[in-house]
Amino acid sequence: MATAKTARKKSPQRAPTRKAPARKQSAFDALIIGAGFSGLYQLYCLRDRLDLSALVLEAGDGVGGTWYWNRYPGARCDSESHSYCFTFDEKLYKEWQWSERYPGHAEVRRYLNHVADRFDLKRSIRFGTRVTAAHYDEAANRWQVTTEAGERLTAKFLITAVGCLSTANVPNIPGLDSFKGRWVHTGQWPHEGVDFTGKRVGLIGTGSTGIQATPVIAETAKHLTVFQRTPNYSVPARNVPLTAEFQRYVRENYPELARTMRRTPNGHAFVIEDRSVFDVTPEERQAIYEAAWEVGGLQFRAAFRDLLADKAANDTAADFIKSKIRQVVKDKATAEKLANIDHPYAAKRPPIDTDYFEAFNRDNVALVDVRADPIEAITATGIRTRSGTEYPLDIIVFATGFDAMTGPLLRMDIRGRDGLPLAEAWKAGPRNYLGLQVAGFPNLFTITGPGSPSVLCNMPVAIEQHVDWITGCIAHMRANRVERIEARPEAVERWVEQVNIAANATLLPQVPHSWYLGANIPGKPRVFMPYAGGMARFRAICDGVAARGYEGFALS
Ligand SMILES: Cc1cc2nc3c(=O)[nH]c(=O)nc-3n(C[C@H](O)[C@H](O)[C@H](O)COP(=O)(O)OP(=O)(O)OC[C@H]3O[C@@H](n4cnc5c(N)ncnc54)[C@H](O)[C@@H]3O)c2cc1C
């Protein structure tokens, strides 16, 4: 199968003699698109474990994916550092020492560069290379890939590692072109940074990113106006530097931590309490919430097992957080705007913060409720709302998220059997099998595609599971001289149904404005995209499919 075989090495770190693909080499066993967590691990598995010729094509000029692009002030992980990393290699896990409970963007980037260097991956990555098209050639059973620069490459396997949150969404607000100041999107942050000193800044969006950026921008900006359409819950992150004792604990407990991450429904290194909200008295519940608030971060959500299954149970957590917002924010009208939250807690991506609500107690921070008074236009000098109010600004920051999950895939012209465009196959919303394969697109694998737990999980765990499965599948194909694998349409039908059943067993689809449903992108079909049945269950399903000879896939 390998077109450019070299001797198999046990550890590329110890024996970095494997040849880099020649610049002009254009035919590979596998092409991988994206050099974030997914692409790096997939490259390592295919090149160094299966000995395939593999190349990564990456639009950015460095590794890191999300963390290459998202360098906005306050950009930081919500997963705890000891779980936001690879677990496939015990030595790698133990040798890297995180400095804080939640790593900032620069530290995650350093970590991913360390991984890439340790496994000598960069020589198999072409940076600054955006893929614009990928067409399946049925006669040759190969994918023909075209880059923005017009380069053409082919591969038997095409693996998208393009991420779920990598297509920045700049809302189509009339007048943006006329703005004389500067505007930036948090997901495409300039590498040299943005100096807010003495500037009047407008920040649009109060999702996880806006919540992270607000307090940090407020520290240097002359004035910050936060434009809020959807009020949001947030729990204090309680970030701290990690003590030597905790770092030792992490090193010494690798097997246990890795096991926990693989067994918990959301891939974190903490377990969800096995108690229901109404199993305890109101006083006990209040004490539990207070304790969880002190622990902070995503662990708050793990205080009870039924927070996302039962609206009445969820209301107790929602009311608790709203009461905290009212306690923190001194101006009553602002506090009400912030606490006027209309969706269940954690039914949208649950932000965690450092001093977000506190930022509204500063003299230089103001909140504008754009649900009550929508943004009408961007003018040469700022933002105008429907009431005619003008907000003069020097810089506009769009913290408006991404065309999530399907965006990065549909931006490319992907065509399967008989030239079928992916956009056509998915015109009513994404349809695939296990989030991994689309019927009619043989040998194309989508890491953390829609229909997989992805964004509902601590993502490195979801990524490792998908990559391991794909690697096992390709190894199986090689061992059995199988040339082509393709999801069967009836398996896709069944899986789409499973994804819907899993979502409907939770409160998640009940938020009409959620990006999990594609609601932030005009014209995008409203389909709940990730698999909400839990990572552990998903892993068992995928393992079962493989064990039963890749049930639901056609192998030929
Ligand atoms: C601000 C922010 C905070 C986050 N925090 C967390 C967190 O706390 N915990 C968590 O689990 N997850 C978090 N995530 C999700 C995060 O995306 C994943 O954890 C993880 O980084 C995904 O890795 P990936 O390799 O799959 O995708 P990405 O990191 O998104 O990498 C995809 C890469 O593909 C490249 N690419 C895309 N299209 C093309 C193309 N056509 N041609 C060439 N290259 C292309 C992109 O340039 C990018 O480098 C966060 C996301 C954001 C935006």
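Residues numbered from 1 in each chain as written. Predicted model: local features only at pLDDT ≥ 70, side-chain atom pairs only at ≥ 80, totals over all residues. Heavy atoms only, no water.

### Some words on the pattern of salt bridges
Then comes step 1: Applying the stated criterion across every chain yields a total of 26 salt bridges.
Then comes step 2: Between Glu 138 and Arg 417 there is a salt bridge, with the nearest N and O atoms lying 2.4 Å from each other. Remark: Arg 417 occurs in the loop between β17 (413-415) and α13 (422-425) and Glu 138 occurs in the loop between β4 (131-137) and β5 (142-147); sequence separation between them is 279 residues.
Then comes step 3: Under the relative-accessibility criterion, Glu 138 is labelled partly exposed at 32%.
Then comes step 4: Overall, Arg 417 belongs to the partly exposed group, its relative accessible area being 22%.
Then comes step 5: Residues participating in the shared-partner salt-bridge network are Glu 138, Arg 417 and Glu 486. (Salt bridge = Lys/Arg side-chain N within 4 Å of Asp/Glu carboxyl O. Helix = DSSP H or I, 4+ residues; strand = E, 2+ residues; numbered from the N terminus. Buried < 20%, exposed > 50% of the residue type's maximum accessible area, 1.4 Å probe, protein only.)

### Some details on the sheet that holds strand β12 (residues 365-369)
Then comes step 1: The five strands are arranged β7-β16-β8-β9-β12 in an open sheet whose pairing can be described as parallel. For this open sheet the edge positions go to β7 (182-185) and β12, each flanked by a neighbour on one side alone. Across this sheet, the average inter-strand angle for adjacent strands is 20°, counted without regard to direction.
Then comes step 2: Strand direction decides the pairing type here: strand β9 (residues 223-228) and β12, joined by five bridges, are parallel. Bridge assignment links Thr 225 to a residue of β12, and that residue is Ala 366.
Then comes step 3: Contacts from helix α5 (residues 208-220) reach β8 (200-204), β9, β12 and β16 (395-398), with the element oriented near 170° to β8.
Then comes step 4: Along the sheet face, helix α10 (residues 332-339) touches β9 and β12 and points at about 55° away from the line of β12. (Pairing = 2+ DSSP bridges. Axes fitted to C-alpha atoms, helices over the stretch in contact; angles between N-to-C directions. Contact = heavy atoms within 4.5 Å.)

### Considerations on the side chain of Arg 539
Then comes step 1: Turning to its location among the elements, Arg 539 is positioned in helix α16 (residues 535-547).
Then comes step 2: Buried and unpaired, Arg 539 has no salt bridge, with Asp 468 as the nearest side chain of opposite charge at 5.7 Å.
Then comes step 3: Excluding residues within four positions of it along the chain, Arg 539 makes contact with Arg 262, Val 461 and Gln 465. (Lys, Arg positive; Asp, Glu negative; His and termini not counted.)

### Topic: the pairing of strand β2 (residues 54-57)
Two faces, one strand: in a regular strand the side chains alternate between the faces of the sheet.
Then comes step 1: Residues Ala 54 and Val 56 of β2 are buried on one face, and the alternating residues Leu 55 and Leu 57, pointing to the opposite face, are buried as well.
Then comes step 2: With respect to chirality, the unit in which strand β1 (residues 27-33) leads through helix α1 (residues 37-49) into the neighbouring parallel β2 is right-handed.
Then comes step 3: Two strands pair when backbone bridges link them, and β2 and strand β3 (residues 125-126) are joined in this way by two bridges, in the parallel orientation. Within β3, the position partnered with Val 56 by the bridge is Ile 125. (Right-handed = clockwise from strand over helix to strand, strands pointing away.)

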